[in-house]
Amino acid sequence: MSSPDENKGKLKKKLLHEVKVYWVYVGYLTLVFGAFTQYRRLILADVGITYTEYGVALIEAFIFAKVIMIGDVLHLGRGLEHKPLIFSTLLKTAIFTLFVGLIVFIEHAVKGLLKGKGAVEGVIEFLGKGPYEVLAGGLVIFAAFIPFFALREVGRELGGEGKLLALFFMRRDSQ
């Protein structure tokens, strides 16, 4: 039987690991969403429109990293992990994209409630962006998630996230 001190140490180690994973996710998502934000800015500048919503990419990275971690706790997309990596990668990409979409949908409903407009008005305001912008946002998330989940699946096959992170971020001895 383990002592309370051992349990506290295990919990602390687990929490530290989760925080590290969260920051890796935030870093990756910030990079990708920032690139798409810059792309949007450059395209709009070409037609004379100023776009300055740079903070949105960072905020979305913080939120979506947490959404991914929640999806992991819920074991989303685990159905094809015994198949070739392409199947589990694309399944998780699709499921997590839909999960993020659901969370964004709920977020706008809650915003509508908090503003006193009602949940339906919040959703209508979100959908008021138009189908092209909503679909483009979903496409950006889907495109960002493909390499994200591909790397996670490779890491899983190598024996865990730690091995993949070590390959990328730890010094390797030259042969």
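Summarised in this report is the structure supplied together with it. Keep in mind it's a predicted model, so treat the numbers as computed, not measured.

## Quick look at helix H1 (residues 4–46)
Part 1 of the reasoning: In this model, H1 (43 residues) spans 62 Å end to end at C-alpha, consistent with the 63 Å of a helix rising 1.5 Å per residue.
Part 2 of the reasoning: Those residues of H1 that sit buried are Val21, Tyr22, Tyr25, Val26, Leu29, Val32, Phe33 and Thr37.
Part 3 of the reasoning: One or two steps after H1, the chain reaches Gly48, where phi turns positive at roughly 85°.

## Topic: the nonpolar core
Part 1 of the reasoning: Formed by 24 residues in total, the largest nonpolar core has its most connected members in Tyr25, Leu29, Phe33, Phe64, Ile68, Val100 and Phe145.
Part 2 of the reasoning: Counting only elements with at least two residues in this core, the list comes to H1, helix H2 (55–73), helix H3 (85–114) and helix H5 (131–158).

## Overview of the pattern of salt bridges
Part 1 of the reasoning: Overall, the coordinates contain 12 salt bridges when judged by the stated rule.
Part 2 of the reasoning: Of the charged contacts in the structure, one is a salt bridge between Arg40 and Glu133, with a shortest N-O distance of 3.7 Å. Here the residue Arg40 occupies a position in helix H1, and Glu133 occupies one in helix H5, the gap between them amounting to 93 residues.
Part 3 of the reasoning: Given the relative accessible area of 34%, Arg40 is considered partly exposed.
Part 4 of the reasoning: Note on Glu133: relative accessible area 35%, which makes it partly exposed.

## Here's the deal with the side chain of Arg152
Part 1 of the reasoning: In this fold, Arg152 is placed in helix H5.
Part 2 of the reasoning: You can call Arg152 buried: its relative accessible area is 17%.
Part 3 of the reasoning: Among all residues touching Arg152, those that are not within four sequence positions of it are Tyr25, Ile68 and Asp72.

## Observations regarding unusual backbone geometry
Part 1 of the reasoning: Of note, the phi angle at His75 is positive, near 60°, even though the residue is not glycine.
Part 2 of the reasoning: Its relative accessible area of 49% is what places His75 among the partly exposed residues.

## Observations regarding the packing of H1 against H5
Part 1 of the reasoning: Packing of H1 against H5 leaves a shortest axis separation of 11 Å and a crossing angle of 140°. Judged by the twist between their axes, the crossing of H1 over H5 is right-handed. On the side of H1, the interface is formed by Tyr25, Tyr28, Leu29, Val32, Phe33, Phe36 and Arg40, while H5 contributes Glu133, Val140, Ile141, Ala144, Phe145, Pro147, Phe148 and Arg152.
Part 2 of the reasoning: For the contact of H1 with H5, the residue count by class is 12 nonpolar, no polar and 3 charged.

## What about a nonpolar patch on the surface?
Part 1 of the reasoning: There is a patch of nonpolar side chains on the surface, built from Val24, Leu151, Val154, Leu158, Leu165, Leu167, Phe168 and Phe169 and spanning about 720 Å² of accessible area.
Part 2 of the reasoning: Listed by contribution, the elements that provide at least two residues to the nonpolar patch are H5 and helix H6 (161–169).
Part 3 of the reasoning: When residues of the nonpolar patch are assigned to their parent elements, the largest contribution, 4 residues, is made by H6.
Part 4 of the reasoning: Here Leu158 is to be found in helix H5.

Reading the values: rules and limits
- Residues numbered from 1 in each chain as written.
- Predicted model: local features only at pLDDT ≥ 70, side-chain atom pairs only at ≥ 80, totals over all residues.
- Heavy atoms only, no water.
- Helix = DSSP H or I, 4+ residues; strand = E, 2+ residues; numbered from the N terminus.
- Expected span 1.5 Å × (residues − 1).
- Buried < 20%, exposed > 50% of the residue type's maximum accessible area, 1.4 Å probe, protein only.
- Core = buried A, V, L, I, M, F, W, Y, C linked by side-chain atoms within 4.5 Å.
- Salt bridge = Lys/Arg side-chain N within 4 Å of Asp/Glu carboxyl O.
- Contact = heavy atoms within 4.5 Å.
- Axes fitted to C-alpha atoms, helices over the stretch in contact; angles between N-to-C directions.
- Left-handed = near helix turned anticlockwise from the far one by under 90°.
- Nonpolar A, V, L, I, M, F, W, Y, C, P; charged D, E, K, R; others polar.
- Patch = residues over 30% accessible without salt bridge, like charges linked within 9 Å, V, L, I, M, F, W, Y side chains within 5 Å.
- Areas by Shrake-Rupley, 256 points an atom, 1.4 Å probe, with all protein chains shown as cover.

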